[in-house]
Amino acid sequence: MSSSLPAASRLRLSRPDWLASPKVFRTEVLAGLVVALALIPEAISFSIIAGVDPAVGLFASFTMAVVISIVGGRKAMISAATGAMALVIAPLNHQYGLGYLIGAVILGGLMQIVMGAVGVAKLMRFVPRSVMVGFVNALAILIFMAQIPEMRDVPWAVYPLVVAGLALMVFFPKITTVVPAPLVSIVTLTVITVAAGIAVPNVGDKGELPSSLPIPGLPDMPLTLDALTTIAPYAFAFALVGLMESLMTAKLVDDITDTHSNKTRESIGQGVANVITGFFGGMGGCAMIGQTMINVKTSGARTRLSTFLSGVFLMILVVVFGPVVSTIPMAALVAVMILVAFATFDWHSVHPKTLRRMPLGETVVMTVTVVVVVATHNLAIGVIVGCITAMVIFAKRVARLAEVSGVVDPDGNQVVYAVTGELFFASSNDLVYQFNYRDDPDDVVIDLTDAHIWDASSVAALDAIETKYATRGKKVTIIGLNKVSAEMHDKLAGQLTAGH
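The text that follows walks through the structure, step by step, so that each part is easy to find. Just so you know, these numbers come straight off a predicted model, no measurement behind them.

**Notes on the pattern of salt bridges**
Here is step 1: The full count for this structure, using the stated rule, is four salt bridges.
Here is step 2: Two residues, Lys-263 and Asp-254, come together in a salt bridge whose shortest N-O distance is 2.4 Å.
Here is step 3: Residue class for Lys-263 comes out buried when judged on its relative accessible area of 13%.
Here is step 4: Residue Asp-439 pairs with Arg-438 through a salt bridge whose shortest N-O separation is 3.3 Å. Each member of the pair, Asp-439 as well as Arg-438, carries the same accessibility label: exposed.
Here is step 5: A single salt-bridge network, built from bridges that share partners, covers Arg-74, Asp-254 and Lys-263.

**Examining the side chain of Glu-150**
Here is step 1: Relative to the helices and strands, Glu-150 is located in the loop between helix H6 (129–147) and helix H7 (158–171).
Here is step 2: You can call Glu-150 buried: its relative accessible area is 17%.
Here is step 3: When sequence neighbours within four positions are dropped, the list of residues in contact with Glu-150 reads Val-158, Lys-206, Met-330 and Val-334.

**Things to note about helix H14 (residues 330–344)**
Here is step 1: Taking 1.5 Å as the rise per residue, H14 with 15 residues should run 21 Å; its terminal C-alpha atoms sit 21 Å apart, in good agreement.
Here is step 2: For H14, a buried count of 12 out of 15 residues is recorded, marking the element as mostly surrounded by other parts of the structure.
Here is step 3: Residues of H14 that are buried make contact with helix H2 (22–50), H6, H7, helix H8 (181–196) and helix H11 (289–298).

**Considering the packing of H2 against helix H4 (residues 83–96)**
Here is step 1: In contact at an axis separation of 7 Å, H2 and H4 are set at 35° when each is read in the N-to-C sense. For the pair H2 and H4, the contacting residues are Phe-46, Ile-49 and Ala-50 in the first and Gly-83, Ala-86, Leu-87, Ala-90, Asn-93 and His-94 in the second.
Here is step 2: Classifying every residue of the contact of H2 with H4 by side-chain character gives six nonpolar, three polar and no charged.

**As for the packing of aromatic side chains**
Here is step 1: The full count for this structure, using the stated rule, is eight aromatic pairs.
Here is step 2: These aromatic residues form a ring-pair network of at least three members: Tyr-417, Phe-435, Tyr-437 and Tyr-469.
Here is step 3: It is Lys-468 that lies over the ring of Tyr-437; its NZ or CZ is 5.8 Å from the centre.

**Digging into a nonpolar patch on the surface**
Here is step 1: A cluster of nonpolar side chains, contributed by Ile-316, Val-320, Phe-321 and Val-324, occupies part of the molecular surface with about 350 Å² of accessible area.
Here is step 2: On the secondary structure map, Val-320 appears in the loop between helix H12 (304–319) and helix H13 (322–325).
Here is step 3: Exposure remark for Val-320: the relative accessible area of 55% places this residue in the exposed category.

**A few points about the sheet that holds strand S4 (residues 414–423)**
Here is step 1: If you trace the four strands from one edge of the open sheet to the other, you get S3-S4-S5-S6, paired in mixed fashion. Lying at the two open borders of the sheet, with one neighbouring strand each, are strand S3 (403–408) and strand S6 (475–479). Taken pair by pair, the neighbouring strands of this sheet meet at an average axis angle of 20°, ignoring direction.
Here is step 2: As paired strands, S3 and S4 are joined by six bridges and run antiparallel to one another. Bridging across to S4, Val-404 finds its partner in Val-419.
Here is step 3: Here helix H19 (residues 456–470) sits on the sheet in contact with S4, strand S5 (443–453) and S6, set at roughly 175° to S5.
Here is step 4: Sheet strands touched by helix H20 (residues 483–492): S5 and S6. Its angle to S5, the strand with the most contacts, is close to 120°.

**Quick notes on the environment of Phe-345**
Here is step 1: Topologically, Phe-345 is positioned in the loop between H14 and helix H15 (352–357).
Here is step 2: It is 7.7 Å that separates the C-alpha atoms of Phe-345 and Ile-141, two residues lying 204 residues apart in sequence.
Here is step 3: Those residues in contact with Phe-345 that sit more than four places away from it in its chain are Asn-137, Ala-140, Ile-141 and Val-350.

Reading guide: rules and limits
Residues numbered from 1 in each chain as written. Predicted model: local features only at pLDDT ≥ 70, side-chain atom pairs only at ≥ 80, totals over all residues. Heavy atoms only, no water. Salt bridge = Lys/Arg side-chain N within 4 Å of Asp/Glu carboxyl O. Buried < 20%, exposed > 50% of the residue type's maximum accessible area, 1.4 Å probe, protein only. Helix = DSSP H or I, 4+ residues; strand = E, 2+ residues; numbered from the N terminus. Contact = heavy atoms within 4.5 Å. Expected span 1.5 Å × (residues − 1). Axes fitted to C-alpha atoms, helices over the stretch in contact; angles between N-to-C directions. Nonpolar A, V, L, I, M, F, W, Y, C, P; charged D, E, K, R; others polar. Phe/Tyr/Trp six-rings, centres within 6.5 Å; stacked < 30°, edge-to-face > 60°. Lys NZ or Arg CZ within 6 Å of the ring centre and 35° of its normal. Patch = residues over 30% accessible without salt bridge, like charges linked within 9 Å, V, L, I, M, F, W, Y side chains within 5 Å. Areas by Shrake-Rupley, 256 points an atom, 1.4 Å probe, with all protein chains shown as cover. Pairing = 2+ DSSP bridges.

Here it is in C-alpha cells:
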C-alpha cells in the first residue's frame, strides 16, 4: 500500500504539462497551427533572401521547430528559418552554392554546441535592461517594416482586408477565446477572398510549396581543409548571431511568462537543431521573435507541444494541403504580424512620464540600440552596440564616484589622503592629479579603506603617485587595502613601467 503511493506520485510528476487540462491542450494545438500558417510565407521569403529554393527554408523551419521542442531550454519558444541567419549565409550560397551553405549550417551548429557547453549563455547577465527594452522595441519596428512591402503596389482590396483582419483579432476575443483570434482572422479572410473571387496576393505567389518530406543527406561540398576554411567565418557568424537572437528571445519569453529557462540547454539545443537541419538540407535558423510572440503572447501557449506542432503542422500544410494554403491572402498574415508588432513594442518605455523619470543614460542606450538595429536590420549588431554604449556610460558614471580628500596633521609633518570609490581604468586616470606633490609634507599616507582596486591601471596610477612624491624626497605609505586589492597591488606594484 505504501509503495503504490510514490508510484502514483511519480506518474503525476512525469505527466507532460500540455496534458494538464483539455483547455491547455487545445490552446497548444491551436497555437501551433496559427504559428505554422505564419511560418510559411516567412520561410519562403527568407529562402529568397538566401538565394535558395523555398523548400530549403520550409524544411529548415520544420526540423528546427521539431528538434528544438525536444532539446531546447525555453518552452513555447519558436525556432525556424530567420532573415538574420539568411543574410549571414547568403553570400556563401551566391559564391559557392547550396552545398557550402549547408556545410556552414552544420559547422555553425557544432560551434553553437561548443559555445553552449563552455557557458556562453552566462554572458546574458551582462545585457542591461535598457538594451533589452531597445531590442524589443526595435524588433517590433522591424516586424512592422517587414509588412510594408506587402502593402505597396497592391490591389486596393488588400487594405480593407488588412483592416478587417485587425478588427477581427481585436474584437473576436471579446466574444470567445476558445479559438485563437489570428486563426479566425486567417480562415475568415481566406474564405472571403476565395468565395468572392477577390484577386489579391496570396501565399502561393511567394513560391512553389514542396510536395514531399525532406530526406537526410550529406552536403554537396568537398571535405577538404580549403573548403572548411572557406565556410568557417560564415559558420562562426551564423553561430554567434543565432545564439544571440535565441538567448535574447528566451530572456524576453522568461519575462512575459514569469518563468525561468535553461539558457545553456537552449544554446546547445540550437546547435543540435542546426546540425540536424543541415543534414536534412535546411538553411538553419534560430529563435523567431515574431512567431514566438504569436505563440506566447497572442495565442497563450506555454509548453513544448505548441513548438513541436508548429513544425509538424507546417509540413502537413505544405505537403498535404499545399493548394489550400496557397490561397491564403497575404493580407491576412500581414494583419497578424501588425498586431504582433503593436503588442511587442514596449509603449511604457516611450511614455513621457517614463522618459522624464528615467536617467538620461538609460534612454540613450535604449535609443542607440533601436536605431542601430533598425538601420542595420541586424539584432545582434544592435545588441552589441547597445551593450558597449551602456558600458561606456556606466564607466563614466562610476569614474566620478572615485574621490580623494586630504587632511594634514596639526603639526604639519604628515598628510593623510582618503580615497573612496572604485578604482579602475576610467577613474584612475584622474587619480594622479588629485595630490599636492609640491606642498605636501614629507610623510604621505594614502588610505584605501573605502576604495577597491580593480585593474592594473589603478596599480600603475598608484605607482605614478609614489614616483612623483619620491622625486621630491617624500615617502608614501598605502594603507587600508582589502584582501583582493592588496593581492593585486603586491603582485603588480613596481612591475608596470619600462625596465621591469
